[in-house]
Amino acid sequence: MTSQRTRERLIQRLVDQGISNMAVLDVIRTTPRHLFLDEAMAHRAYEDTALPIGFNQTLSQPYIVARMTELLLASGPRQRVLEIGSGSGYQTAVLAQLVGEVYAMERIKPLLDKSRQRLRKLKLRNVQLRHADGGLGWDGQGDFDGILSAASPATIPHELLAQLAVGGRLVMPVGEDRQQLHVVTRTDQGFETDIVEPVRFVPLRPGTVR
Ligand code: SAH
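Residues numbered from 1 in each chain as written. Predicted model: local features only at pLDDT ≥ 70, side-chain atom pairs only at ≥ 80, totals over all residues. Heavy atoms only, no water.

## Quick look at the site of the ligand
Here is the rule: Distances are taken per atom, and a residue is near a molecule or strand as soon as one of its heavy atoms is within 4 Å of it. Residues adjacent in sequence count toward polar contacts only when both atoms are side-chain atoms; beyond that, a polar contact is any pair of N or O atoms within 3.5 Å, and within protein one must be able to donate a hydrogen and the other to accept it. Note that accessible areas follow from Shrake-Rupley with a 1.4 Å probe, and for residues the cover is restricted to the protein chains shown. What counts as a helix is a DSSP run of H or I of at least four residues, what counts as a strand is a run of E of at least two, and both are numbered from the N terminus. Three residue categories are used. Nonpolar comprises Ala, Val, Leu, Ile, Met, Phe, Trp, Tyr, Cys and Pro, charged comprises Asp, Glu, Lys and Arg, and polar comprises the others, including Gly.
In the neighbourhood of the ligand, 24 residues make up the surrounding shell, with Ser88, Glu106, Asp133, Gly134 and Arg205 lying closest. Between the ligand and Ser88 there is a distance of 2.7 Å, counted from an oxygen atom to a side-chain nitrogen or oxygen. Protein burial of the ligand: of its 570 Å² of free accessible surface, 99% is covered by the chains. Within the residue set of the shell around the ligand, elements represented by two or more residues are β2 (57-59), β4 (101-106) and β11 (202-203). At three residues, β2 tops the list of elements feeding residues into the shell around the ligand. Class assignment for the residues of the shell around the ligand results in ten nonpolar, ten polar and four charged.

See the structure below:
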């Protein structure tokens with residue numbers, strides 16, 4: 001199930017759906033998604049679907065991981081990326097191989113504990129993880145040139161916009177019942193927003209769970 005052929009089939013599917021960034025496709029080809037799932041789910045790791053990770057949360061669909069990563073990198077390489085809703089740590093692992101530093105936040109402690117072990121096992125050392133409400137951003141580490149969220153707020157928290165550097169890009173779902181993937185670029189003049197496509201994510205929730 002985790003064979004090279006199964007993985008190649010997934011990559012071909014992503015290409016067919018319009019993913020064209022070769023670096024992103026290469027990282028998805030070589031990142032062991034099955035390690036981010038419990039054993040009972042691991043055999044489905046290379047299907048292009050979201051899969052349960054417990055606590056009513058899901059590991060994002062490979063297509064959306066690829067799409068958001070591609071959008072984040074579209075205007076050039078990123079040095080410091082804030083990730084909100086790190087969950088299983090899979091998107092975190094993909095980002096860590098493509099950007100300078102990843103600052104990943106997750107509000108559910110048991111998920112974060114597991115993802116910490118996985119990222120350590122994969123020797124991805126340019127990642128810092130924090131158990132906190134990502135809607136407030138990562139105080140003290142402001143000025144990110146990339147922000148990516150896998151949880152959807154009703155509107156983009158101003159704390160996140162405040163932590164986006166000039167030239168930085170924020171990629172996140174926005175909306176409650178109906179969500180749209182937003183890309184916000186900060187310029188000298190202010191913020192420019194592109195609405196990309198409809199998506200389905202879990203809501204961005206306040207506070208933390210121990
Ligand atoms: N990219 C992750 C997606 C996990 S689902 C993966 O592929 O595994 C989205 C995650 O966002 C959930 O784990 C949820 O707990 C988390 N989340 C929701 N609101 C949050 C918040 N305010 N701060 C941090 N994490 C949050």
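## Regarding the nonpolar core
Here is the rule we go by: To form a nonpolar core, buried Ala, Val, Leu, Ile, Met, Phe, Trp, Tyr and Cys residues must be joined to one another through side-chain atoms within 4.5 Å. For every residue, the accessible area obtained with a 1.4 Å probe (protein chains only) is divided by the maximum for its type, and the residue is called buried under 20%, exposed over 50%, and partly exposed between those limits. By definition, residues are in contact when any of their heavy atoms lie within 4.5 Å.
By size, the foremost hydrophobic cluster in this structure holds 47 residues, and its most contacted members are Leu14 and Ile28. In terms of residues, this core owes the most to one element, helix α4 (residues 62-73), which gives eight residues. Contacts of Ile28, omitting those with residues within four sequence positions, involve Leu10, Ile11, Leu14, Pro62, Ala66, Tyr90 and Val94. In terms of nonpolar packing, the next biggest core, distinct from the first, is built from 16 residues, Met105, Ile147, Leu170 and Val184 among them.

## Digging into the UniProt feature "active site" (unreviewed entry) in the protein chain
Applicable threshold: UniProt positions are given in the numbering used here, feature names are shortened, and annotations may be inferred rather than shown by experiment.
Feature annotation in UniProt assigns "active site" (unreviewed entry) to the following positions: Ser60. Along the polypeptide, Ser60 turns up in the loop between β2 and α4. In this structure Ser60 touches Arg33, Thr49, Ala50, Val65, Ala150 and Phe201, once residues within four positions along its chain are discounted.

## Topic: helix α1 (residues 4-16)
Operational definition: A helix is expected to span 1.5 Å multiplied by its residue count minus one. Our arc is simply the arc of the directions from the helix axis toward the C-beta atoms.
The end-to-end C-alpha distance of α1, which contains 13 residues, comes to 18 Å, matching closely the 18 Å that a straight helix rising 1.5 Å per residue would cover. Within the span of α1, buried status applies to Thr6, Arg7, Leu10, Ile11 and Leu14. Down the axis, α1 shows its buried residues gathered within 140° of arc, on one side only. Residues of α1 that are exposed and point over 90 degrees away from its buried face: Arg5, Arg9 and Asp16. Those residues of α1 hidden inside the fold are in contact with α2 (22-30) and α4. Positive backbone phi, at 105°, marks Gly18, one or two positions downstream of α1.

## Quick notes on the packing of aromatic side chains
Test applied: Pairs were defined over the aromatic rings of Phe, Tyr and Trp, the Trp ring being its six-membered one, requiring ring centres within 6.5 Å. Orientation was assigned from the angle between planes: stacked under 30 degrees, edge-to-face over 60, tilted for the rest.
In the structure shown here, the tally under the stated rule is three aromatic pairs. The interplanar angle of 70° and the centroid separation of 5.7 Å between the aromatic rings of Phe36 and Tyr90 together place this pair among those described as edge-to-face. Of this pair, Phe36 sits in the loop between α2 and α3 (39-42) while Tyr90 sits in helix α5 (residues 90-96), and the two are 54 residues apart along the sequence. A residue is classified by how much of its surface remains accessible, and Phe36, at 0% relative accessible area, is buried.

## Thoughts on the sheet that holds strand β10 (residues 191-199)
We apply this condition: Following DSSP output, two strands are said to pair if at least two bridges run between them. Only the stretch in contact is used when a helix axis is fitted, and all axes are lines through C-alpha atoms; the angle between N-to-C directions ranges over 0 to 180 degrees.
Taking strand neighbours across the sheet as the criterion, the seven strands line up as β5-β4-β3-β6-β8-β9-β10 in an open arrangement whose pairing is mixed. Strands at the two margins of the open sheet, each flanked by one partner only, are β5 (127-131) and β10. Averaged over neighbouring strand pairs, the angle between their axes works out to 15° when direction is ignored. Taken together, the four bridges between strand β3 (residues 80-84) and strand β6 (residues 144-149) define a ladder with parallel strand orientation. Note that in β6 the partner of Ile84 across the bridge is Ser149. Contacting β3, β6, β8 (164-174), β9 (179-186) and β10, α4 crosses the sheet at an angle of about 160° to β8. Docked against the sheet, helix α6 (residues 109-121) engages β4 and β5, running at close to 165° with respect to β5.

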